[in-house]
Amino acid sequence: DTFTDGKTKLSMTSMHVPEAVMSLALEPAQKSSLDKFSKALSRFMREDPTFRVGFDPETKQTIVSGMGELHLQIYVERIKREYGVECVAGAPRVNYRETITRKAEFDYQHKKQSGGQGQYGRVIGYLEPTDTIMDDPAFQSDMIGNVITPSWLAAIEKGFRESCESGPLMDHRMSGARFVLTDGNSHAVDSSELAFKLAAKGAVRQAVEKAGATVLEPVMSVEIVCPDEFQGTVVSLVNKRKGMIEGSETLHGYVTINCVVPLANMFGYSTELRSATQGKGEFSMEYKTHMPVTPQVQQELIAKHAEEKAAKQKGK
């Protein structure tokens, strides 16, 4: 929004706010500082739309998310400097996504009878990939007639969207999936909003097993500037972190290297770069997109997630 004299007509484009790519658990060292801690987070969220704050109900921790390791470190330092609150930060965590790679059909019936009114809902259709892997989950009804009462369609969509909040591989959010409802069945007495919501969730579980689920990781565009004498060393560091060089340019004794690197491989890079270039190298990075991980990395991530989940369950 803006002010004009009433005669001038302006069309203003909205600001693009990218997805947060990194998160960490954060809490004040002293419980007595909780009020100041909350005020700081609220203020920073208002000032910076790429800085987000959430709450993990499982671990009962405050989770802050942003555009990288340095971005979050700066806010931790500002809380200490501007509000006098020492914080305890957990290990940085990359925000992965999950998606599907092929179409898979489902035919799921949710039926529960326990005396009195039961629960009944049946949904038939398919789950398919959308045009791009980072599209928001989409719901589509291609039913002919009213085999399912129209009032239950919202419950089916709700069940699908809730399922997408926790993917099948690592419990990360799903993207790039479309739920297409083609048929189904309802019962005059036993069908309800809850029954169809649970039927939709069951249908997603059923279809995802056959839909080639895969993990997506955030990939960053990285620009590195250093004296050209260190170009070979810097390129080898990028290769070591599974990056891909897109181009380089030399000017006045300095080389600028452009590359794309998975965010998970960028931890501790600033220290390594300074060490390799005698303190003369610097870099900047910004989020580019999410890309599928390799099968080997996916297996490692799933195994690590299973271990962490088991440890949490054991600690309860």
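This section reports on the structure supplied with the text.

## Section: the packing of aromatic side chains
In the structure shown here, the tally under the stated rule is nine aromatic pairs. When the centroid spacing of 4.4 Å and the interplanar angle of 35 degrees are considered together, the rings of F51 and Y75 count as tilted. With F51 in the loop between α1 (34-47) and β2 (52-56) and Y75 in helix α2 (residues 69-83), the pair connects residues that are 24 residues apart, well separated along the chain. Using a relative accessible area of 2% as the deciding quantity, one classes F51 as buried. Connected via pairs of aromatic rings, a cluster forms that spans F44, F51, Y75 and Y83.

## Side note on empty space enclosed by the protein
In total, this model carries one cavity of 30 Å³ or more according to the counting rule given. Its volume calculated, the largest cavity comes out at about 40 Å³. If you go around the largest cavity, the residues you meet are V222, I224, L237, V238, R241, V261, M266 and Y269. Its residues assigned to classes, the lining of the largest cavity shows seven nonpolar, no polar and one charged.

## Observations concerning the sheet that holds strand β10 (residues 177-185)
Here we have four strands laid out as an open sheet, ordered β7-β8-β10-β9, and mixed in their pairing. The two strands at the open ends of the sheet, each matched to only one other strand, are β7 (104-112) and β9 (138-141). The mean inter-strand angle of the sheet, taken between neighbouring strand axes irrespective of direction, is 25 degrees. Pairing geometry for β9 and β10, over four bridges, is parallel. By the bridge assignment for β10, S141 is matched with L181. In this fold helix α3 (residues 153-164) packs onto β8 (119-129), β9 and β10, with an angle of close to 150 degrees to the strand it touches most, β9. Its contacts with the sheet place helix α4 (residues 193-208) against β7, β8 and β10, and it is angled at close to 140 degrees to β7.

## Section: the layout of surface pockets
Volume-wise, the second largest pocket comes out at about 420 Å³. Considering the residues around the second largest pocket, the lining is formed by 20 residues, among which E69, L70, S270, F283 and M285 are closest to the centre. When residues of the lining of the second largest pocket are traced back to their parent elements, those giving at least two are α2, α6 (269-276) and β14 (282-292). Here the lining of the second largest pocket is composed, by residue class, of 10 nonpolar, seven polar and three charged.

## Quick word on unusual backbone geometry
Of note, D171 is a non-glycine position whose phi angle comes to about 65 degrees, a positive value. Its location among the elements puts D171 in the loop between α3 and β10. Looking at D171, the relative accessible area reads 33%, which means it is partly exposed.

## Some thoughts on the environment of E157
Relative to the helices and strands, E157 is located in helix α3. Sequence-wise, E157 and E47 are 110 residues apart; in three dimensions their C-alpha atoms are separated by 34 Å.

## Quick notes on the pairing of strand β13 (residues 254-262)
Direction of pairing for strand β11 (residues 214-227) relative to β13: antiparallel, over a ladder of nine bridges. Within β13, the residue paired with S221 across the bridge is V260. Note: strand β12 (residues 244-251) against β13, seven bridges, orientation antiparallel. Following the sheet pairing, S248 is matched in β13 by I257.

Cut-off values and rules
- Residues numbered from 1 in each chain as written.
- Predicted model: local features only at pLDDT ≥ 70, side-chain atom pairs only at ≥ 80, totals over all residues.
- Heavy atoms only, no water.
- Phe/Tyr/Trp six-rings, centres within 6.5 Å; stacked < 30°, edge-to-face > 60°.
- Helix = DSSP H or I, 4+ residues; strand = E, 2+ residues; numbered from the N terminus.
- Buried < 20%, exposed > 50% of the residue type's maximum accessible area, 1.4 Å probe, protein only.
- 1 Å grid on protein atoms, 1.4 Å probe; cavity = no way out; pocket = protein on both sides within 12 Å on 5 of 7 lines; lining within 4 Å.
- Points joined across faces, edges and corners; volume = space filled by probe spheres on them.
- Nonpolar A, V, L, I, M, F, W, Y, C, P; charged D, E, K, R; others polar.
- Pairing = 2+ DSSP bridges.
- Axes fitted to C-alpha atoms, helices over the stretch in contact; angles between N-to-C directions.
- Contact = heavy atoms within 4.5 Å.

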